[in-house]
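Topology and contacts: notes
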Amino acid sequence: MELAAVLLTDDTFSRFSLWMRERTGVHLPPSKKPLLMQRLGKRLRARSLDSYEDYFEVLRQQEEEQERQIAVDLLTTHETSFFREPAHFAWLESLLQDWPAGTPLSLWCAAASTGEEVWSLAMTLADNLSGQTAWQVLASDVSLACLEQARRGHYALERCGGIGQERLRRHCLKGVEKQAGSMLIGKALRQRVLFRCINLDQPLPPIGPFRVIFMRNVLIYFDPATKNKVVRQATAQLASGGFLVVSHSESLYGLQEELKLVAPGVYRKP
């Protein structure tokens, strides 16, 4: 089967788009049709299927939960990097400098992806909180495959430029022999992070309250109604005086009047 000869009809794309919205809240507009064809085409080959319509019927079968998770993993975007949008980490450092010693701090990274943001946050907390202050990070994502990669904390060194040499020495183990050219997040940090599969579009489990929630670069994939729902649910998980951080390209304008903008992309709950 030549993949180039397999077409995706508009009707079938609409079925995939609705399925993704119902399962994850992610909105796939018509402009994402080529992306869907490219990413799911490999599954047609793997399952020896002749059409995207046939693959959609596979996803509907009760016993195909593993295939459904594979499709979700392929159709959700996981672009990330260490210390991405560094102004937010500078803001977090300034918050931590005045944090009362001995007051626990809980942080939720609500779109963990493959873990680069999670470990960037953990490094920031470890470097700026006193030894008497208990802290923990909850890292969540809708993709089980991404969560497993994040949990391992094993990355190619070429992806770690944003960390800086000092932090690499403090928090990471450099690979040798067969692992040369890679690094592993140190055990001390890995013990501080809990990973959990959470769909932001579904009712949230009892996970809060949190002092800080990072939910960056995820709202852009939701339609307005879903954005409002996700932000409302996240706000409910914030402690009084807590902070919700979104990316610089996102805004909560018109979504949540309770939160007050205190810095670019940073909102505080009264």
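Our subject is the structure that appears above.
Residues numbered from 1 in each chain as written. Predicted model: local features only at pLDDT ≥ 70, side-chain atom pairs only at ≥ 80, totals over all residues. Heavy atoms only, no water.

In spatial order, the strands read β6-β2-β1-β7-β8-β10-β9; together these seven strands make up an open sheet with mixed pairing. This sheet does not close on itself; its edge strands, each paired only once, are β6 (193-197) and β9 (260-263). The sheet shows a mean angle of 25° between the axes of neighbouring strands, direction not considered. With five bridges joining them, strand β2 (residues 135-141) and β6 adopt parallel strand pairing. Bridge pairing in β6 links Val137 to Val193. (Pairing = 2+ DSSP bridges. Helix = DSSP H or I, 4+ residues; strand = E, 2+ residues; numbered from the N terminus. Axes fitted to C-alpha atoms, helices over the stretch in contact; angles between N-to-C directions.)

Next up on the list: unusual backbone geometry. Each neighbour pair has its own omega, and for Gly208 with Pro209 the value is 0°, a cis peptide bond. Within the secondary structure, Pro209 is located in the loop between β6 and β7 (210-214). Backbone geometry places Ser48, a non-glycine residue, at a positive phi of 55°. Mapped onto the elements of the fold, Ser48 is located in the loop between α2 (33-46) and α3 (52-59).

What follows concerns the pattern of salt bridges. When the charged atoms of two side chains lie near each other, side chains of opposite charge can form a pair. Under the defined criterion, the tally for this structure stands at 18 salt bridges. Where Arg23 meets Glu65, a salt bridge forms, and the shortest distance between an N and an O atom there is 2.4 Å. Taken together, the positions of Arg23 in helix α1 (residues 10-24) and Glu65 in helix α4 (residues 65-75) put the pair 42 residues apart, joining distant regions of the chain. For Glu65, a relative accessible area of 38% puts it in the partly exposed group. In this structure, the salt-bridge partner of Glu148 is Arg152, at a minimum N-O distance of 4.0 Å. Of this pair, Glu148 and Arg152 both sit in helix α7 (residues 144-152), four residues apart, which is roughly one turn of that helix. With a relative accessible area of 37%, Glu148 lands in the partly exposed category. Each of Arg43, Arg47, Glu64 and Glu67 takes part in a single network of salt bridges with overlapping partners. (Salt bridge = Lys/Arg side-chain N within 4 Å of Asp/Glu carboxyl O. Buried < 20%, exposed > 50% of the residue type's maximum accessible area, 1.4 Å probe, protein only.)

Where α1 meets α3, the axes come as close as 10 Å, and the angle between the chain directions of the two elements is 30°. As summarised for this structure, α1 and α3 are arranged roughly parallel, according to the angle between their axes. The element α1 and its partner α3 pack so that their crossing is left-handed. Every residue of α3 that contacts α1 at Thr12, Arg15, Phe16 and Trp19 is listed here: Tyr52, Glu53, Tyr55, Phe56, Glu57 and Leu59. Residues of the contact of α1 with α3, tallied by class, amount to six nonpolar, one polar and three charged. (Parallel < 35°, antiparallel > 145°, perpendicular 65-115°, else oblique. Left-handed = near helix turned anticlockwise from the far one by under 90°. Contact = heavy atoms within 4.5 Å. Nonpolar A, V, L, I, M, F, W, Y, C, P; charged D, E, K, R; others polar.)

Turning our attention to the sheet that holds strand β4 (residues 172-174). Taken together, three strands build an open sheet; the order of strands is β3-β5-β4 and the sheet is antiparallel. Every interior strand has two partners, whereas the edge strands, β3 (154-156) and β4, have only one. The sheet shows a mean angle of 30° between the axes of neighbouring strands, direction not considered. Two strands pair when backbone bridges link them, and β3 and strand β5 (residues 182-185) are joined in this way by three bridges, in the antiparallel orientation. Residue pairing across strands places Ala156 opposite Ser182, the latter belonging to β5.

Moving on, we get to the side chain of Thr114. Inspection of the secondary structure puts Thr114 in the loop between β1 (105-109) and α6 (116-128). There is a polar contact of 2.6 Å between the side chain of Thr114 and the side chain of Glu116. Once residues lying within four places of it in the same chain are set aside, the contact partners of Thr114 are Thr80, Cys146, Gln149, Ala150, Tyr155 and Arg159. (Polar contact = N/O pair within 3.5 Å; in protein donor to acceptor, adjacent residues only side chain to side chain.)

With that out of the way, let us pick up the packing of aromatic side chains. Within this structure, the stated rule accounts for eight aromatic pairs. Arranged with centres 6.4 Å apart and planes meeting at 25°, the rings of Phe16 and Tyr55 form a pair that is stacked. Of this pair, Phe16 sits in helix α1 while Tyr55 sits in helix α3, and the two are 39 residues apart along the sequence. Residues Phe16 and Tyr55 agree in their burial class; the two are buried. Cluster of aromatic residues (ring-pair linked, three or more members): Phe16, Tyr55 and Phe56. (Phe/Tyr/Trp six-rings, centres within 6.5 Å; stacked < 30°, edge-to-face > 60°.)

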